[in-house]
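# What the coordinates show
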Amino acid sequence: MSETDISKDRLRLWLRLLKATRSVESALRENLRQEFTTTLPRFDVMAALSQHQQGLKMSELSIVLKVSNGNVTGIVERLVEDGHVLREKVPGDRRASRVRLTSAGDAEFARQASAHESWIDQIFTGVAPEAAQTMAEALDAVARRLDNKDSAP
C-alpha cells in the first residue's frame, strides 16, 4: 500500500469519525433536552465539576472543557440559578470565583450520568468490545500525540 493510499485511508477515517461524532452528539443533545430539559454544555460542566469535588476556578473550568471563559460563564449562571452549582469567592483573589456542585447538583448529575451511560451503551451496541477497545486506544494515541505537540516548545 502506497503512502498516498495510507493518507487517503486516514482522511476517510477522519471524515467517518467526524460524521459519527456529530450523529452521537446530536442524539445526546436531544436525549438530554427531552429527558432532563437540559443541554449538553450544562451536562459537560457538571461532569467536569463532578471530577473536581473541591471545585474549580472559572478559568480552570474553561481549560478542562477547552472552551473560552465567556462560554462557561452563562452556563454556570444557569446552573447556579437551578441550585446545582455553588459559586464561592477565592480568598486572596477578588476577581476569581470557584464553582462546585451542590449536593442537589451531585444528585442531578448522577441521574443524568446514568442515563448518558445507558444512551452511549445503546448507541454503540453494534460495536464489539474488542473493536471498542482497539478504537479507544487508537484515539487515545492520536490525542496524546496532539497534546504533546501542543506542549512542545
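Residues numbered from 1 in each chain as written. Predicted model: local features only at pLDDT ≥ 70, side-chain atom pairs only at ≥ 80, totals over all residues. Heavy atoms only, no water.

## A look at the pattern of salt bridges
Inspection of the entire model under this criterion finds eight salt bridges. For arginine 12, the salt bridge goes to aspartate 9, with nearest N and O atoms at 2.7 Å. Of this pair, arginine 12 and aspartate 9 both sit in helix α1 (residues 3–36), three residues apart, which is roughly one turn of the helix. With its nearest N and O atoms 2.8 Å apart, the salt bridge here joins arginine 29 to glutamate 25. In this pair, arginine 29 and glutamate 25 both sit in helix α1, four residues apart, roughly one turn of the helix. For arginine 29, a relative accessible area of 37% corresponds to the partly exposed category. (Salt bridge = Lys/Arg side-chain N within 4 Å of Asp/Glu carboxyl O. Helix = DSSP H or I, 4+ residues; strand = E, 2+ residues; numbered from the N terminus. Buried < 20%, exposed > 50% of the residue type's maximum accessible area, 1.4 Å probe, protein only.)

## Things to note about the pairing of strand β3 (residues 93–101)
Within a regular beta strand, the side chains point alternately toward one face of the sheet and then the other, so they alternate between its two faces. Relative to β3, strand β1 (residues 56–57) runs antiparallel, the two being bridged by two bridges. Following the sheet pairing, lysine 57 is matched in β3 by arginine 98. Where strand β2 (residues 85–90) lies against β3, six bridges are found, and the strand directions are antiparallel. In the sheet register, lysine 89 faces β3, and the bridge partner there is serine 97. Following β2, the chain reverses through two residues before pairing antiparallel with β3; glycine 92 in that reversal takes a positive phi of roughly 85°. (Pairing = 2+ DSSP bridges.)

## Some remarks on the packing of α1 against helix α5 (residues 103–123)
At their nearest, the axes of α1 and α5 sit 11 Å apart, and the two run at 140° to each other. The orientation of α1 relative to α5 falls into the category oblique. The chirality of how α1 crosses α5 is right-handed. Here α1 contributes Val24, Ala27, Leu28, Asn31, Leu32, Glu35 and Phe36 to the contact with α5, which in turn contributes Glu108, Arg111, Gln112, Ala115, His116, Trp119, Ile120 and Ile123. Per-class residue counts for the contact of α1 with α5 are nine nonpolar, three polar and three charged. (Axes fitted to C-alpha atoms, helices over the stretch in contact; angles between N-to-C directions. Parallel < 35°, antiparallel > 145°, perpendicular 65-115°, else oblique. Left-handed = near helix turned anticlockwise from the far one by under 90°. Contact = heavy atoms within 4.5 Å. Nonpolar A, V, L, I, M, F, W, Y, C, P; charged D, E, K, R; others polar.)

## Section: the sheet that holds β1
Taken in spatial order, the three strands of this open sheet run β1-β3-β2, and their pairing is antiparallel. Two strands close off the open sheet at either side, each with one partner strand: β1 and β2. Packed on one face of the sheet, helix α2 (residues 40–50) meets β1, β2 and β3 and runs near 95° to β3.

## A short note on the environment of alanine 96
Turning to its location among the elements, alanine 96 is positioned in strand β3. According to the relative accessible area criterion, alanine 96 is buried, its value standing at 13%. With 38 residues separating them along the chain, alanine 96 and methionine 58 place their C-alpha atoms 7.3 Å apart. Among all residues touching alanine 96, those that are not within four sequence positions of it are Lys89 and Val90.

## Brief notes about the side chain of serine 50
Inspection of the secondary structure assignment puts serine 50 in helix α2. Looking at serine 50, its side chain comes within polar contact range of the main-chain oxygen of alanine 47, at 2.7 Å. Not counting the four nearest positions on each side in its chain, serine 50 is found in contact with Leu101 and Phe109. (Polar contact = N/O pair within 3.5 Å; in protein donor to acceptor, adjacent residues only side chain to side chain.)

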